[in-house]
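So you can see what is in the structure, the chains are spelled out below.
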Amino acid sequence: MMLLAIEQGNTNTLFAIHDGSDWIAQWRTSTYANRTADEYAVWLHQLLTMRDLSISQLDGCIISSVVPQSIFNLRNLARRYLNVEPMVIGENVDLGIAARIDKPSEAGADRLVNAIGAHLVYPGDLIVIDSGTATTFDVVAADGAFEGGIIAPGVNLSLQALHEAAAMLPRIAIQKPAKVIGKDTVSNMQSGVFWGYIALIEGLVARMKDEWGAPMTVIGTGGVASLFEGATNSIDRFDPDLTIRGLLEIWRRNTPPKDT
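Read on for a plain summary of the structure. (Residues numbered from 1 in each chain as written. Predicted model: local features only at pLDDT ≥ 70, side-chain atom pairs only at ≥ 80, totals over all residues. Heavy atoms only, no water.)

## Considerations on the sheet that holds strand β6 (residues 126-131)
Hydrogen bonds between backbone atoms are what pair the strands of a sheet, whose relative direction is either parallel or antiparallel.
Inference 1: The five strands lie next to each other as β8-β7-β6-β9-β10, forming an open sheet whose pairing is mixed. The open sheet is flanked by β8 (146-153) and β10 (237-238), the only strands paired with a single partner.
Inference 2: Summarising the sheet, β6 and strand β9 (residues 217-221) pair through five bridges and their orientation is parallel. Residue pairing for β9: I127 is matched across the bridge by V218.
Inference 3: With respect to the sheet, helix α3 (residues 109-121) is in contact with β6, β7 (134-140), β8 and β9, its orientation differing from that of β8 by roughly 120°. (Pairing = 2+ DSSP bridges. Helix = DSSP H or I, 4+ residues; strand = E, 2+ residues; numbered from the N terminus. Contact = heavy atoms within 4.5 Å. Axes fitted to C-alpha atoms, helices over the stretch in contact; angles between N-to-C directions.)

## Focus on helix α1 (residues 37-50)
Inference 1: Between the first and last C-alpha of α1 there are 20 Å, a value that for 14 residues agrees with the 20 Å anticipated at 1.5 Å per step.
Inference 2: Those residues of α1 not exposed but buried are A37, Y40, A41, W43, L44, L47 and L48.
Inference 3: Where α1 is buried, its residues touch β1 (3-8), β2 (12-18), β3 (23-30) and α2 (68-82).
Inference 4: One or two residues past the end of α1 sits D52, with phi positive at roughly 60°. (Expected span 1.5 Å × (residues − 1). Buried < 20%, exposed > 50% of the residue type's maximum accessible area, 1.4 Å probe, protein only.)

## Some remarks on the packing of aromatic side chains
For any pair of aromatic rings, geometry is given as the distance between the ring centres together with the angle between the planes.
Inference 1: This structure, assessed with the given rule, holds four aromatic pairs.
Inference 2: With a centroid separation of 5.7 Å and 50° between ring planes, the pair formed by F194 and F228 is classed as tilted. Of the two residues, F194 is situated in helix α5 (residues 185-212) and F228 in the loop between β9 and β10; the sequence distance between them amounts to 34 residues.
Inference 3: One aromatic cluster in this structure is built from F15, Y40 and W43. (Phe/Tyr/Trp six-rings, centres within 6.5 Å; stacked < 30°, edge-to-face > 60°.)

Here it is, written out as structure tokens:
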């Protein structure tokens, strides 16, 4: 089995290949809602060729997307070029996870996939912090159920808002500043965003643990999470493969075993 797992966020889209035993390739591309199936196929073909792989080897596809208008083109990619009907999170897939929130239908597909990926590896009650366009803090109970959480603006979104709303503030890259107290405009902004998000993480994690009333392990994931590694003790583990691990598990749960 060669599975193509597609995890699409608002900013980036991850394509990952699993050969039945291991993840053998991963690539990211910017998310464009109007990118066609043919454009995806050309891009993917080139990257596969660099790994001595081909699209014809892919015989399964699972898609998780928070960009509804993109799903049509991703589905067509699977149908036209892989000759398979993809599993699409939120449409034709049984996730096998309880969502203990007021309106279970509102639980984001990406957050549920993360919950599954986290529960597979980490025991006990969990907080999953996913740093992307938005920063989400999700509670996963010891039995694997999604218990709700918090949505905050992402780091890049905050930087973009600063630049666009204040004429004198430049567009800057996210990085850890040498000191908390900045000496120029750029270091002021870097400190506000970087240490501001550390304070956000530490403050919200502390409040969530206090409200939950039991020990919790905190897992960080997402494209920006690695920036915070080593800068706070509030995150116990950094796991970049959380989402694709969840997608693989969902694929396995929904794929009938082959007759031997």
